[in-house]
Amino acid sequence: KSHEELLIPSTPCRAKTNVMFLKTHKTASSTVLNIMFRFAERCNLTVALPAGQLVHLGYPKTFLASFVEEFQAIGQNYNIMCNHLRFNPSEVRKVMAANAFYFSILRNPIPLLESSYVYYKDSVPAFRISKDVNEYLASPMKYYHPEDYKQNIYARNIMWFDFGYNNNAEDNKKYIQAVLKEIEQNFHLILIADYFDESMILLKHTLCWDLDDVIYFKLNSRSQDTVQTLTLKSKERIKAWCSLDWKLYLHFNQSFWRRIEETIGFEKLEKEVNHLRTRQKELMETCLSDQEAVGKDHIKNKALLPFQSGATDILGYNLKQDLDNRTLRICQKMVMPELQYTSYLYAVQHPHKKRKQLGLPLLWTSFQEK
């Protein structure tokens, strides 16, 4: 850096508080949702939460503003929106402030499809009737029947679907270019789950948040023993079978790294990623009795048990026993699974409404009284 540059004070930016996160499936998005919810609470922001007993914003239906609790009364004055929805820009704009920041996250379709396969094994017809992920990919059309497309959305181009597009559309160059352009117009930033820490640093810079705003414990991940190994052939087949998602991912993976280069630079990125990981480790040492996520059968406080699906063992955390109240609250929020956190915020924001029934053994009363 030249001597002159060092003398120019950098203009401090103001943290963005109107933020829409399009939560995509099996892309580390539950961890991002937790970050968004904690930020909303810290800054006392209003969250666009699912109406009634739902825990998502009408998914897999295309989003409508009426899917948001109290939309009639609150109108466009929501700050944060981050629960699952199928993107529909005109309706989302009715809910979010005009200056809202829009971002989402993508994941490499190869590990993504394997993750979907195991997670949705019991609920997706195409997955249910095939033996394992490699057999499914050997001839997907044997199992994937277009007339079941509503039940089979997780079995092909799920990210394309979440962004509001037809996941069975023909792979046509002109069409893909048009969609990519539209996504670029609707979203200010697309993160990449495969580089999650780098994504959090880029998010922090772009939103002008602090490091502690993007600190996280990995949520909704599964135990290694439920991962199915993809053959090389299967990996190649995913690129063809999910070619819309593959092209989407390649495009935004490129723009992601370009954005980092232009805004932060790789040297600073590395420093900040290390800083994030150090801080994360400190927090894990402070909060957790085991220094890592544990299987569902080892989670002592059932109120902190994440939703279990398919053939997965979704991991969670055990908090230390003797934390002081302030630390306990911070730690609880760090490990709180998505459904519980949604339900908890709903009870705080809409105290007169009937609470969301999550079918969990212990609901929030035990947390509230602490």
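Read on for an overview of the structure. Position numbers for residues start from 1 in each chain and track the written sequence from start to end. For a predicted model such as this one, the threshold for reporting local features is a pLDDT of at least 70, and the threshold for listing and counting side-chain atom pairs is 80 or more; totals across whole chains, interfaces and linings nevertheless cover every residue. Computation of side-chain values covers all heavy atoms of the structure but excludes hydrogens and water.

### Comments concerning the environment of Gln308
Here comes step 1: Helix and strand assignments come from DSSP, with helices taken as H or I runs of at least 4 residues and strands as E runs of at least 2, each series counted from the N terminus. By secondary structure assignment, the location of Gln308 is in the loop between helix H14 (266-287) and helix H15 (325-335).
Here comes step 2: On the basis of relative accessibility, which here comes to 24%, the residue Gln308 falls in the partly exposed class.
Here comes step 3: Taking the C-alpha atoms as reference points, Gln308 and Arg222, 86 residues apart in sequence, are found 9.5 Å from one another.
Here comes step 4: Should any heavy atoms of two residues lie within 4.5 Å, those residues are considered in contact. When residues no more than four places from it in sequence are discounted, the contact partners of Gln308 are Lys296, Asp313 and Ile314. A 1.4 Å probe rolled over the protein chains alone gives each residue an accessible area, and that area as a share of the maximum for its type sets the label: buried under 20%, exposed over 50%, partly exposed in between.

### Quick look at the state of the cysteines
Think of a disulfide as a covalent bridge from one cysteine sulfur atom to another cysteine sulfur atom.
Here comes step 1: Pairs of cysteine sulfur atoms within 2.5 Å are what we label disulfides. Per the counting criterion, the structure on display carries two disulfides.
Here comes step 2: The partner cysteine of Cys287 in its disulfide is Cys331, sulfur to sulfur 2.0 Å. Classification of the bridge connecting Cys287 and Cys331 rests on its S-S torsion, roughly -75°, and on that basis the disulfide is left-handed. A residue pair is termed long-range when its members are at least 10 positions apart, and Cys287 in helix H14 and Cys331 in helix H15 qualify at 44 residues.
Here comes step 3: Among the residues examined, Cys287 registers a relative accessible area of 0% and is labelled buried.
Here comes step 4: Disulfides within the protein link the bonded cysteines, taken in sequence order, as 1-2, 3-4.
Here comes step 5: Considering cysteine sulfurs only, Cys208 is the nearest to Cys43, which forms no disulfide, with 12 Å between them.

### Re the sheet that holds strand S2 (residues 80-81)
Here comes step 1: As summarised here, the arrangement of the four strands in space is S2-S1-S3-S4, forming an open sheet in which the pairing is parallel. At either margin of the open sheet sits one strand with a lone partner, and together these are S2 and strand S4 (189-192).
Here comes step 2: For two strands to pair, DSSP has to find at least two bridges joining them. As judged from the two bridges shared by strand S1 (residues 19-22) and S2, these two strands associate in the parallel manner. What sits directly across from Val19, in S2, is Ile80.
Here comes step 3: Seen against the sheet, helix H2 (residues 29-42) touches S1, S2 and strand S3 (101-106) and runs at an angle of roughly 165° to S1.
Here comes step 4: Every axis corresponds to a line fitted to the C-alpha atoms, with the helix fit spanning only the stretch in contact, and the corresponding angles, defined between N-to-C directions, vary from 0 to 180 degrees. Docked against the sheet, helix H11 (residues 196-207) engages S1, S3 and S4, running at close to 155° with respect to S4.

### Describing helix H13 (residues 243-263)
Since the α-helix turns once every 3.6 residues, residues separated by three or four places project in the same direction.
Here comes step 1: The end-to-end C-alpha distance of H13 is 30 Å, a good match for the 30 Å that 21 residues give at a rise of 1.5 Å each.
Here comes step 2: Residues Ser243, Leu244, Asp245, Trp246, Leu248, Tyr249, Phe252, Asn253, Ser255, Phe256 and Ile260 constitute the buried set of H13.
Here comes step 3: Once H13 finishes, Gly265 follows within two positions and takes phi at roughly 85°, a positive value. Helix span is expected to be 1.5 Å times the residue number reduced by one.

### Topic: helix H10 (residues 173-186)
Here comes step 1: Helix length check: H10, at 14 residues, gives a terminal C-alpha distance of 20 Å against a target of 20 Å (1.5 Å per residue), a fit within 8%.
Here comes step 2: For H10, the set of buried residues is Ile176, Val179, Leu180, Ile183 and Asn186. Along the axis of H10, the buried positions cluster into a sector of 130°, meaning they face one direction only. Across from the buried face of H10, at angles greater than 90 degrees, the exposed residues are Lys173, Lys174, Lys181 and Gln185.
Here comes step 3: Its buried side turned inward, H10 meets helix H4 (89-95), S3, helix H9 (158-162), S4 and H13.
Here comes step 4: N or O atoms closer than or at 3.5 Å make up a polar contact, with two conditions inside protein: a donor-capable atom paired with an acceptor-capable one, and, for residues adjacent in sequence, both atoms drawn from side chains. Regarding H10, its N-cap is Asn172, as a side-chain oxygen of that residue lies 2.8 Å from the backbone nitrogen of Lys174 further along. Comment: arc refers to directions from the helix axis out to C-beta atoms.

None of the figures reported here should be taken as evidence of function without further support.
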